[in-house]
Amino acid sequence: MAETIQIEPPFGQGVGYGIVIGLGAAFAIGMSLVSLFLSKYFAEKQDSEMFMTAKHSVKTGLTASAVVSSWTIAATLLSSTSYGYSYGVSGPFWYGAGASVQILLFSVAAIELKRKAPYAQTFLQIAKHRYGAPAHIVLSSYSLLYQVITTVSLLVGGSAVFSILTGVNRDALCFLFPIGVIIYTLCGGIKATFLTDWIHTVIIFIIMLLSAFVVYSTSSVIGSTDKMWELLTTATDLHPVAGNAEGSYLTMRSEQGGFIGLVFVGAGFAAAVDSQLFQKAIASDPAGTLGGYLLGGTSWFTIPFVLATTFGLTAAATEHLPSFPTYPHRMNDYEVASGLAMPYAALSVMGRGGAFAVLLMVFMAVTSAMSSETVATTALLTYNLYQSYINPKATGKQLLRFSNIIVPGFAIVASSIAVGMNHAGFSVSFLITISGILVDSAIIPMACTIMWSKQSKLAVIASPVISSACAILAWLLTARSTEGTITIATLSTNLPLVAGNMCSLCAPLVLTPLFTLIQSENYDFEKFKEVRPADDYDDGEIVRPTRTEAEIEIAMEAALTHQEENEKILFRARKWAIYASIAMTLIYLILWPIPMYATSYVFSKGFFKGWIVVVFLWAFFATMTITLLPIWESRDSLAKFFRYVTSGKISMAGPKVLTIGVGEDGSDSGVEVIGGQTSEKISEKITTSQT
């Protein structure tokens, strides 16, 4: 695939470097100030527990925005638009539907994790507690592999778009993107990630909504749904889509579009291997976990569905018009694979202003998702390498110090790999679509770790490894048999990707029960409650509160009551999560698309107008949910915060977490407020009571 770009950069290098360095610095300074204010006005201590879990206190709205942000990587914006350009209306839908159901299904696992292991700081901690070192190392390796692939794809995709639109050096951008992320992650930990997730996601949704209005109502090039329908009909006549009903861009009957759905069912499930999703679940308030994940999954569907229906269809509709950047030529394969349908469509309809908006969205997606991956990788290496195998008796201060080393270290490693991928010719689409082939085989064993007491250690070790080997073999052989050769281009075609992703996802459905039958276990999930965070009081910097026996007894009873209430909340939430995830999966994958696919219906002008109305309704719902819900949930906390700031009064009441979407009580279990000297007693009493 020749690396040829047909246009000159519409912006100078100063614009590219200005966005990456300027906005990166602004976010770094802003989040550092937030952390400083919370430390000064609310006596908040950035210990290891706060750094990794935000004291398990994040509410529904901020959890939802964090889920959306975690799922929104550069490929979400760029690849989904390319599929809209290539396959018409089916591409955006199948990309969104194929990768949304996993968030909904993951909500069940997230709730079970919080219910059965309320004190865990990472999912992999409980895997080690249950299976021991060999299985723990296998699952940790899969999670780390996915985190590296995702972070590298962020840098590859982001650097490609910035380089093409501004002429900046791609290698330099791979190292510049992470700088701001490193700073605010070091200052604020996972809470900084939640807050920047919200800010970045709000900006993406606002630009998305404005772009849809411009394309479908005010643009002189398109400006209405009727004009878009007419231009797409003309595009069908000029270059019909192979495998689509009547070669039309205006049909859900698309053979390649259906393949895209299957590919992203696999690639989307790969994200469930990423420990950062569990990290968001661990940090969330028990009452907000279900709503956060369901609203997050429903809102995330909007991004590929709306953005690609806007920019992807615009690229296909205007490619034969003089306003299109590559006119009179079509986009070449390299430009399509690099996700350039989105910036080219923006240039065609909105000029340089549209291209600048695309740069902003890409920057937000890259830095926000990288922040999430950085915290997740830091947690993985801190608790599952350093604490598990290097320093098992590490104190909270030692864990925090190691974490602060990993944050910049991971950024340097990921940036170096991204530079190599750029020079080797790998595109963002290639990296994200092969992720499922490599790591999907770990999903079933990971889910069964917290859902099935009989799963054996042998199944956890053997099933993923064998399934991954089979998936890679299926991918390579399918490419060889269908395309005649194995290259990056042939491995990127849809049929080999479907074969590899589906094999990796489905093989463990057979192998995991098989290996469990050979060597089954009967694990007691109550043992998960033995997994507890390090004692930050051991550092000597935090003064242990002294309590009388009566106060300790009262605290024990309060903690027990609190834990029992959380158990009830999470048990009810699990039931509703199962119902909701099954219902939404059926809607996304069967009830909505299959009737239109089976009938080979080509959209009429009126039907297409109704389709765009649904696009706008979904966009409004998601934008309002992600933007306003976190503010509404934290209205009282925000008011208190500003009163403290303006009055100059400093709270000495202890570690209160008062910020957007984060609850006032920084402690999920009530243990922290009485100090490390009684936490073990409370844990013992809770465990004894429940057994």
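Predicted model only: the values in this text are computed from it and were never measured.

> Sorry, what's going on with the packing of aromatic side chains here?
Aromatic ring pairs are reported here in terms of the distance separating the ring centres and the angle at which the planes meet. Scanning the entire structure with this criterion turns up 37 aromatic pairs. The interplanar angle of 35° and the centroid separation of 4.8 Å between the aromatic rings of Phe301 and Tyr588 together place this pair among those described as tilted. Placement of the pair is Phe301 in the loop between α12 (289-300) and α13 (302-318) and Tyr588 in helix α22 (residues 549-591), with a sequence separation of 287 residues. For Phe301, a relative accessible area of 0% corresponds to the buried category.

> Teacher, can you tell me more about the environment of Ala110 here?
With respect to the element layout, Ala110 can be found in helix α5 (residues 90-116). In sequence terms Ala110 and Ile450 are 340 residues apart; their C-alpha atoms lie 9.5 Å from each other.

> Quick question: what am I supposed to make of unusual backbone geometry here?
In the segment running from Tyr327 into Pro328, the intervening peptide bond is cis, with an omega of 10°. Backbone geometry at Ser600 places phi at a positive 55°, although glycine is not the residue there.

> How should the side chain of Asn494 be read in this particular structure?
Mapping Asn494 onto the fold places it in helix α21 (residues 494-518). For Asn494, the side chain forms a polar contact with the side chain of Tyr87, separated by 3.2 Å.

> Explanation requested: the pattern of salt bridges in the structure shown.
Close approach of charged atoms allows side chains of opposite charge to pair. The full count for this structure, using the stated rule, is six salt bridges. The salt bridge involving Glu112 is made with Arg115; its shortest N-O contact spans 3.0 Å. Here Glu112 and its partner Arg115 are both found in helix α5, three residues apart, which amounts to about one turn of the helix. There is no split in this pair, since Glu112 and Arg115 are both buried. Notably, a salt bridge pairs Arg330 with Glu319, separated by 2.9 Å at the nearest N-O pair. Taken together, the residues span a long stretch of sequence, with Arg330 in the loop between α13 and α14 (333-337) and Glu319 in the loop between α13 and α14 at a distance of eleven residues. Classification of Glu319 by relative accessible area gives buried; the value is 3%.

> So what exactly am I meant to see when it comes to the packing of helix α17 (residues 428-439) against helix α19 (residues 457-483) here?
When two helices pack together, their arrangement is captured by the angle between the axes and the distance separating the axes. Interhelical geometry of α17 versus α19 gives an angle of 135° and a closest axis separation of 8 Å. The angle between the axes of α17 and α19 places the two elements in the oblique class. Within the contact between the two elements, α17 uses Phe430, Ile434, Ile437 and Leu438 and α19 uses Ser468, Ala471, Ile472 and Trp475. Broken down by class, the residue content of the contact of α17 with α19 amounts to seven nonpolar, one polar and no charged.

> How should α13 be read in this particular structure?
Given 3.6 residues per turn, any residue in an α-helix points the same way as the ones three and four places further on. Its 17 residues give α13 an end-to-end C-alpha distance of 23 Å, which sits within 8% of 24 Å, the value for a rise of 1.5 Å per residue. α13 sits mainly inside the fold: 17 of its 17 residues count as buried.

> Quick question: what am I supposed to make of the environment of Pro496 here?
Within the fold, Pro496 resides in helix α21. With 22 residues separating them along the chain, Pro496 and Ala474 place their C-alpha atoms 7.4 Å apart. Non-local contacts of Pro496, meaning those with residues more than four positions away in its chain, are made with Trp475, Thr478, Ala479, Thr482 and Thr490.

> Explain the confidence of the model for the protein chain here, please?
Any segment with low pLDDT has predicted coordinates that should not be analysed in fine detail. For the protein chain, the mean per-residue pLDDT works out to 82, and 82% of the residues sit at or above 70. Per-element mean pLDDT across the protein chain ranges from 44 in helix α26 (residues 676-690) up to 95 in helix α9 (residues 225-238). Segment residues 536-543: pLDDT under 50, and 21 contacts once partners within four positions in sequence are set aside and those in other chains are kept. This model gives residues 651-691 a pLDDT under 50, and the stretch forms 114 contacts once residues within four places in sequence are excluded.

Conventions we followed
Residues numbered from 1 in each chain as written. Predicted model: local features only at pLDDT ≥ 70, side-chain atom pairs only at ≥ 80, totals over all residues. Heavy atoms only, no water. Phe/Tyr/Trp six-rings, centres within 6.5 Å; stacked < 30°, edge-to-face > 60°. Helix = DSSP H or I, 4+ residues; strand = E, 2+ residues; numbered from the N terminus. Buried < 20%, exposed > 50% of the residue type's maximum accessible area, 1.4 Å probe, protein only. Polar contact = N/O pair within 3.5 Å; in protein donor to acceptor, adjacent residues only side chain to side chain. Salt bridge = Lys/Arg side-chain N within 4 Å of Asp/Glu carboxyl O. Axes fitted to C-alpha atoms, helices over the stretch in contact; angles between N-to-C directions. Parallel < 35°, antiparallel > 145°, perpendicular 65-115°, else oblique. Contact = heavy atoms within 4.5 Å. Nonpolar A, V, L, I, M, F, W, Y, C, P; charged D, E, K, R; others polar. Expected span 1.5 Å × (residues − 1). pLDDT = per-residue confidence, 0-100.

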